[in-house]
Amino acid sequence: MKISVESQEPSGVAAELLAVPLATLDTAARLSPRVAAIDRAIGGQIHDVVRSGDFRGRKGESLLLFGKGRGAPRRVLLLGTGDEAKLDLEGARQIAGRAVAGAATRRVRSLAIVLPAARKLRAGEIARVIAEGAVLASYRPDAWKTKRNDAPPAITRVTLLVERAADLRGARDAAALGTTIAECQNVARRLSNEPANALPPAQLASEARRVATEVGLRCRVMDVAELRKRKMGALLGVGQGSTNPPRLVVLEHAPRGARRTVCVVGKGITFDSGGISIKPAGGMHDMKHDMSGAAATVGILRAAALLDLPLHVVGILAAAENMPGGDAYRPGDVLTSMSGQTIEIQNTDAEGRLVLCDAIHYARTHYEPDAIIDLATLTGACVVALGSWTSGLFSNHEALREAIRRAGDAVGERAWPMPMADEHRDEMRSQIADLKNVSGSRDAGASTAAAFLSSFVGDTPWAHLDIAGTAYTSKPGACQPFGATGVGVRLVTEVLQSWPRSGL
Ligand code: BES
Ligand code: MN
Ligand code: ZN
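So, here is what we can say about the structure in this document. What you are looking at is a predicted structure, and each value in this text was computed from that prediction instead of being measured. (Residues numbered from 1 in each chain as written. Chains lettered and ligands numbered in written order. Predicted model: local features only at pLDDT ≥ 70, side-chain atom pairs only at ≥ 80, totals over all residues. Heavy atoms only, no water.)

### As for the site of ligand 1
Around ligand 1 sit 16 residues, and of these Asp 272, Lys 279, Asp 349, Glu 351 and Gly 380 come closest. In this structure, Glu 351 approaches ligand 1 through a side-chain N or O atom, which is 2.8 Å from an oxygen atom. Thr 377 places a polar main-chain atom, nitrogen or oxygen, 3.4 Å from a nitrogen atom of ligand 1. Partitioning the shell around ligand 1 into residue classes produces 5 nonpolar, 4 polar and 7 charged. (Near = heavy atom within 4 Å. Polar contact = N/O pair within 3.5 Å; in protein donor to acceptor, adjacent residues only side chain to side chain. Nonpolar A, V, L, I, M, F, W, Y, C, P; charged D, E, K, R; others polar.)

See the structure below:
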């Protein structure tokens, strides 16, 4: 899908479908000059449907009109946007999603979208989110469908129409940015949606390598022999029950002259059966998404490379499959982590914190970064606390926490600060080893998991995003089919982009 930005009159644009967002109108409302010109080109139909009350511009409302005249757009899709004063970035993103869906169901390949009027948004911001929304909405989780003939054909061309020629350059840059980031988010979604039989740790590693080659990232993959040499006993322990051995993948964006290093660490459990502490059957198939943190990390590093961020960004994927079996680690086992700290296993289903603790220790000691940000589908408790619209945010560093929270609000991937205190750390002390991998109760499960991780970060500024509730969804939206969301890509990319300005 190619996205371009033009400032020509929408009434003359050569696209099979022209999407026209309209805010709430009363029947006496005058159409804006631009919409009035479209209206003239299609014989006054917009005027008619507004006057008659058949179209009011309410949020979610849509109506298809046909143009017959020569040079007139063939199809005009009116999209209600609600109160113009209330239209925000997420609302604008969804308009693009609705336009793409409208084009797809009508089997149209070229689409033009009139950028919506919005009182509180700048032209560049709107162009960015409309591009994002269009790219996100064009993603379908249909990689494994063998019959595509009932699926709509792919939209090949989307033209965004800005009103003022003076806005054209800014809007083009913004749309290009939105396109790139949304494509990176789709890369994360594609990986996360892959079934576990198609994407064991070694395969996840080679997919990461493929992306690295595509965009010019360094890539290093550590196999079991190397993980043993490096004494990553926690990652190895989790992976030992599976016939698909674990991997640690390092992706690196290392621009010349970069003075700051940020490590992004992703949980990459390609399937979480729970291991010997096996999970109940219901919904277990969703645990193919337990590598969503690693998938997001690939997307983030892809964005860092394509946007050529002036930061040294290191992505680390902790990839393993958590399976029961004769070789599996057991409750009661003690693992020695790379840091030297010993961990008593009391539940093999608390595996995410184990693979992360070695990856975090490696990040800290090998790169001595200015900050570590990890993304992990870590706890069901976080889903209970925050549901599926907000990720849990834990940090040992106030400014980093605030930068992440703010970035999340800006890009529409909310993250909410959660507590992590000495009391939570105390809960993770073992009687026979240094740590245990679960606390004694279910209370504050997301916080005790974060507290466990905090034992491996030293005094490095660190933030942990628990994306268990946000990484995949059964509730599709305008820019989001069911399945993987790619959450974290927009959020962390925004954090990295604003790093020089954030004072971190
Ligand atoms: N991958 C799960 C967490 C999860 C739950 C992700 C629901 C997405 C949706 C994690 O490995 C896990 O099993 N956590 C346990 C921890 C418990 C044993 C302390 C949990 O949350 O139940
Ligand atoms: Mn688990
Ligand atoms: Zn897990």
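### Brief notes about the coordination of the manganese ion (ligand 2)
Each protein donor to the manganese ion (ligand 2) is listed here as Asp 272 (OD), Asp 349 (O), Asp 349 (OD) and Glu 351 (OE); together their distances run 2.1 to 2.2 Å. Written as a sequence motif, the donor arrangement for the manganese ion (ligand 2) is D-x76-D-x1-E. Between the manganese ion (ligand 2) and the zinc ion (ligand 3) the interatomic distance amounts to 3.2 Å, and Asp 272 serves as a bridging ligand to the pair. Residue Asp 349 is classed as partly exposed on the basis of its relative accessible area of 21%. (Donors = N, O, S within 2.8 Å, 3.2 Å for Na, K, Ca; no water. Buried < 20%, exposed > 50% of the residue type's maximum accessible area, 1.4 Å probe, protein only.)

### A word on the coordination of the zinc ion (ligand 3)
Around the zinc ion (ligand 3), the protein contributes the donor atoms Lys 267 (NZ), Asp 272 (OD), Asp 290 (OD) and Glu 351 (OE), at 2.0 to 2.4 Å from the metal centre. Relative to the metal, the 6 donor atoms surrounding the zinc ion (ligand 3) lie at angles of 78 to 174°, and the coordination shape comes out octahedral. In the primary structure, the donors to the zinc ion (ligand 3) are separated according to the pattern K-x4-D-x17-D-x60-E. (Tetrahedral: all angles 85-135°; square planar, octahedral: opposite > 155°, others 65-115°.)

### Quick look at the pattern of salt bridges
Any two side chains of opposite charge can pair, so long as their charged atoms come close to each other. All told, the structure shown has 25 salt bridges when counted by the stated rule. A salt bridge links Arg 93 to Glu 132; the nearest nitrogen and oxygen atoms lie 2.8 Å apart. Highlighted residues: Arg 93 in helix α3 (residues 89-105) and Glu 132 in helix α4 (residues 123-137), separated in sequence by 39 residues. A residue is classified by how much of its surface remains accessible, and Arg 93, at 2% relative accessible area, is buried. Between Asp 422 and Arg 425 there is a salt bridge, and its shortest N-O distance comes to 3.2 Å. On the criterion of helical spacing, the pair formed by Asp 422 and Arg 425 is a turn pair, its members being 3 residues apart in helix α13 (residues 422-427). (Salt bridge = Lys/Arg side-chain N within 4 Å of Asp/Glu carboxyl O. Helix = DSSP H or I, 4+ residues; strand = E, 2+ residues; numbered from the N terminus.)

### Some details on the sheet that holds strand β5 (residues 110-114)
One open sheet accounts for 6 strands, arranged β1-β6-β5-β2-β4-β3; its pairing is mixed. Looking at strand neighbours, the two that pair on one side only are β1 (2-6) and β3 (62-66), the edges of this open sheet. With direction set aside, neighbouring strand axes in the sheet form an average angle of 20°. Sheet analysis places strand β2 (residues 17-23) next to strand β4 (residues 75-82), joined by 7 bridges and oriented parallel. Paired with Pro 21 across the strands is Leu 79, a residue of β4. Along the sheet, helix α1 (residues 33-41) makes contact with β2, β4, β5 and β6 (157-161), crossing β2 at roughly 135°. (Pairing = 2+ DSSP bridges. Axes fitted to C-alpha atoms, helices over the stretch in contact; angles between N-to-C directions. Contact = heavy atoms within 4.5 Å.)

Note that all results are geometric; they support no functional claim without further evidence.
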